[in-house]
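Residues per chain are reported as follows:
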Amino acid sequence: MKRLMTRENAIRWAPLLVLIGLMILFTAINPAFLSQRNFARIAIAAAPALMVAIGVTFIIVMGSIDLSMEGTVGLTAVLFCFVFLATGGTLAAGAWVAVPVILLAGALIGLVNGLVHVKLRIPSFMASLAIGFVGTGAAVLITGGDIVKIDDDTFRALLTWRIAGFPLMVYVVIVMALIAWFIQSHTTLGRNFYAVGGGEELAHASGLNVRRVRILGFVLAGVFYAVAGILQVAKLGQAESVSGANFMFISITSVVVGGVALWGGIGGIWNTVVGVLIVNVINNGMVVIGLPDYLQDGMLGLLVIVAVVLSTDRRSISFVK
Amino acid sequence: MYQLKAVDKKFPGVHALKAVDFEIKRGEIVGLVGENGAGKSTLMKVIYGAYQPDGGTVSIDGKAVRFQNPRQAMEKGIGMVFQEQSLIPNLTVMENIFLGYERQFVRLGVINWKAMSEAAEKQLAKVKLDIDPATITSALSFAQRQLVELAKVLTLEERVDGDLVILLDEPTSVLAEDEVKMLFTIVRDLTKRASFIFVSHRMDEVMELSDRIYVMKDGAVVDVVARGAATVEQIQHKMVGRSVDREYYREQRQKPYDASKVLLEMDRVSLPGRIKDISLTLHAGEVLCLVGTEGAGREAILRTIYGMRTPVSGTLKIKGNEIRAFNPQAAVAAGVGYVPRERKIEGIVAGMNVYENMTLSQMGRYSRAGVLNVAAEKALARDWIGKLSIKAHSEFADCGNLSGGNQQKVVLSKWRSGGSDIMLLDHPTRGLDIGAKEDVYEMIRDMSDDGVGVILVADTLEEAIGLSHNIIVLKDGAIQQRFDCKPGAKPTLYDLLHYMI
Ligand SMILES: Nc1ncnc2c1ncn2[C@@H]1O[C@H](COP(=O)(O)OP(=O)(O)OP(=O)(O)O)[C@@H](O)[C@H]1O
Ligand SMILES: [Mg+2]
């Protein structure tokens, strides 16, 4: 009994243990890693990525995949700047309107994504990949390839105003993560994601509207991507069509490293939070200890595989999908 | 020849096997009986190497062995036919039979399909199954799939020199009577070459087939009975630790139904190739039994009512409203509940816990504006865990880890608690021990008292006769005969069989 208990627990806590292990490792190599300033740096880097990763977590829990994040983040970031400037250019002058508008825009992109996937019966990875490209294309079209800047001090307070050493956007992200957790564990929609991911046929046979659940999943993911888009603007003070670059790899890596099963039904928001932190700690740590650039990508890849091996119970799947 | 000594197995919160001693001799058929969750499947899994015991020894011909995985066990001649079917539905029969052992047909990296097909035919002949080995598995009936599983295990005969031990975990629960008979003939025939371990909840079958019977209770072997050394009642007493009610089907609780209140009406409904011109009515408080052989259309009728199939002609009225859009959501909304036969695919979601599974079809009742009332869900689960004595360490237990019978109980409570007033039960007592069966019969009577209409596809003809107000006998998708089953004036087995075949 003892042995199995620890095995089960090991699986549940593995991602967190990996995270702690990495932090100890980097601190041992360079004590500067373990400083409040560095943690704030990690948190800022992780903030938009976490929003994207949470969005895609819902989809992965359903057993689908969403690859539209780069396009969606890029497009919402650009749109945000435009709406922000068009409505006064400062929060005080009424440009806050841009926030709900962009969240809605994110939801809309997700809706299109979901409809294409469900109604046209196109596999989610194809549908979302295509929508992602459309998003990037639209962003290029709107900006004409230029960079759009925002410098409104009140809006940039997301980055500059610090509470206990961490910028405001970190708290925004924490609140969003709590909302995501609430959706996951306290709403019918969240439960439905797990039902669809754990047994689609059964969910259908239980009278669930599986197609609706799928579409709503993409809508929800779109909203979280839009939040990431806004945070990305807050972080950089500008947006361009490639503002969403790299999010695909980072977010999906994080989700898997955190222990969310790609075949659906297993894992959740907390896994993703830990996964995002792991990936960002690795990224940051490699810089802090002065690992050469050309080794960093390879290292990240290796660590991802190690983390997946450690954190998922692959034994329980009799036939791997 | 094959021996277990003081074998122990623990799961988090469950001591599934307690110092079990078990032995099987060459050419012997050993029965294994016990309540749901007694540890039968776990014992089987230890034997064929899917689980490693936490304590005790396993030996073959006196030599200690330790299997890391089923493949190692197979190499020693131990094969398993699963309780929940394990064939891969989208592969062909022959691919399933030789799954993992294709190498013998590979020449220069290419599979010789013809050779594989011939070899598969040889295996299928052993179980007297006459189908094309290139058939896609999902096109087969349950019974045929069961036989394919057996054929797959029998490939060991060629691969292994030593003795074979073949494990059958509830192989008969989805089979019709004649299919069971055939399976038994095949098994007896094969004892020349193999020993068998046979798990079933049908006592008469176990008594008929086994040379010795192991009785398990709460993870321990409480008795070993030689053939003919005990009656069914005595063994059942050992299993449940009390005597079993003689008035099994609760006939005394069968009351006349409310003929004025029609819940469901089918009028000349047809589905090409499955059912034709089916007309039936279901009243409040009525138990209507559909009887027939596999493929006679019983399941198709249930699935049509539940909206999983759309008929090409005829009408279906639920509570007076004609159904136009056939889908399960509409059916659930109209108050229909469905306990399907294939538990693994359509019964429970493995990975979700007990309360999540129970409220899956009725989340609307446990939520407000989309926000779930988890406390109420948990209370519901605890309530039913108590009512049906579901063996689960708590409402947080993963349903995928429950024993087969306990999963079935979760499915039943899911629909019973959902307040459906038209219940479609397909083999509701499949895989349940006698104690739990009684609970289900009691539950069916309770439902009648509450004015619920039940359409039942029973596990046995006796069950059908005992429980129903009315019986419809089906053959080849058409209604052959209707029987009125008032208590005291019930038709006999023979009456029904006459119209079935
Ligand atoms: N993988 C597992 N993890 C945790 N608990 C398990 C696991 N497998 C089985 N159990 C528990 O072990 C006990 C014995 O289960 P088992 O499947 O052996 O019962 P069984 O005798 O086959 O019952 P049934 O007649 O219902 O099939 C049950 O309480 C079950 O919940
Ligand atoms: Mg079992």
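Whatever comes next refers back to the structure up there.
### So, the interface of chain B and chain A
- Taken together, the contact between chain B and chain A spans 35 residues of the former and 24 residues of the latter.
- Here chain B and chain A share an interface that buries about 2400 Å² over both sides, 65% of which is from carbon and sulfur atoms.
- The tally of links between chain B and chain A comes to two salt bridges.
- Along the contact surface separating chain B from chain A lie five residue pairs in polar contact (both at pLDDT 80 or more).
- Every element with two or more residues in the side of chain B that touches chain A is listed here: strand S1 (2-11), helix H11 (328-333), helix H12 (343-346), helix H13 (354-358), strand S20 (371-372), helix H14 (374-387) and helix H15 (404-416) of chain B.
- For the side of chain B that touches chain A, the residue count by class is 20 nonpolar, eight polar and seven charged.

### Quick look at the packing of aromatic side chains
- Using the criterion set out here, one finds 15 aromatic pairs over all chains in the structure.
- Here the aromatic rings of Tyr355(B) and Phe396(B) are separated by 5.9 Å at their centres, their planes lie at 80 degrees, and the arrangement is edge-to-face. Here the residue Tyr355(B) occupies a position in helix H13, and Phe396(B) occupies one in the loop between H14 and H15, the gap between them amounting to 41 residues.
- Here Tyr355(B) falls in the buried class, since its relative accessible area comes to 7%.
- Counting every residue linked through ring pairs, the aromatic cluster contains Phe26(A), Phe33(A) and Phe39(A).
- In this arrangement the basic side chain of Arg71(B) is found over the ring face of Tyr101(B), its NZ or CZ atom lying 4.2 Å from the centre.

### Examining the site of ligand 1
Residue and element names in this part refer to chain B.
- Close to ligand 1 lie 20 residues, the nearest being Ser41, Thr42, His201, Ser403 and Gly405.
- One nitrogen or oxygen atom from the side chain of Thr42 is found 2.5 Å from an oxygen atom belonging to ligand 1.
- Isolated, ligand 1 exposes 640 Å² of accessible area, and the fraction of that covered by the protein chains is 90%.
- Only strand S2 (14-24), helix H1 (40-47) and H15 provide two or more residues apiece to the shell around ligand 1.
- Looking at the shell around ligand 1 element by element, the count peaks at three residues for H1.
- Its residues placed into classes, the shell around ligand 1 shows six nonpolar, 11 polar and three charged.

Cut-offs used in this document
- Sequence order as written defines residue numbering, which begins from 1 separately in each chain.
- Think of it this way: whatever chain is written first is A, whatever ligand is written first is 1, and the rest follow in order.
- For a predicted model such as this one, the threshold for reporting local features is a pLDDT of at least 70, and the threshold for listing and counting side-chain atom pairs is 80 or more; totals across whole chains, interfaces and linings nevertheless cover every residue.
- Excluding hydrogens and water, the side-chain values take into account all heavy atoms of the structure.
- Residue contacts follow a heavy-atom distance rule, with two residues in contact if any of their heavy atoms lie within 4.5 Å.
- Here the buried area means the combined drop in accessible surface, using a 1.4 Å probe, for two parts upon being joined, counting both sides.
- Just to be clear on terms, a salt bridge is a Lys or Arg side-chain nitrogen sitting within 4 Å of an Asp or Glu carboxyl oxygen.
- Side-chain atoms alone can form a polar contact between residues adjacent in sequence; in general such a contact is a pair of N or O atoms within 3.5 Å, and within protein one must be able to donate a hydrogen while the other accepts it.
- Think of it this way: any DSSP run of H or I at least four residues long counts as a helix, any run of E at least two long counts as a strand, and we number them from the N terminus.
- Side-chain classes follow a simple rule in which Ala, Val, Leu, Ile, Met, Phe, Trp, Tyr, Cys and Pro form the nonpolar group, Asp, Glu, Lys and Arg form the charged group, and the remainder, Gly included, forms the polar group.
- In this scheme Phe, Tyr and Trp rings, the latter by its six-membered ring, pair at centre separations within 6.5 Å, and the angle between planes marks the pair as stacked below 30 degrees, edge-to-face above 60, and tilted otherwise.
- Throughout, exposure labels follow a simple rule: accessible area from a 1.4 Å probe, protein chains only, divided by the maximum for the residue type, with under 20% read as buried, over 50% as exposed, and the rest as partly exposed.
- Whether a charge sits over a ring comes down to the Lys NZ or Arg CZ being within 6 Å of the ring centre and within 35 degrees of the ring normal.
- Throughout this document, a residue counts as near a molecule or strand when at least one of its heavy atoms sits within 4 Å of that molecule or strand.
- Only the protein chains shown count as covering a residue, and every accessible area follows the Shrake-Rupley method with a 1.4 Å probe.

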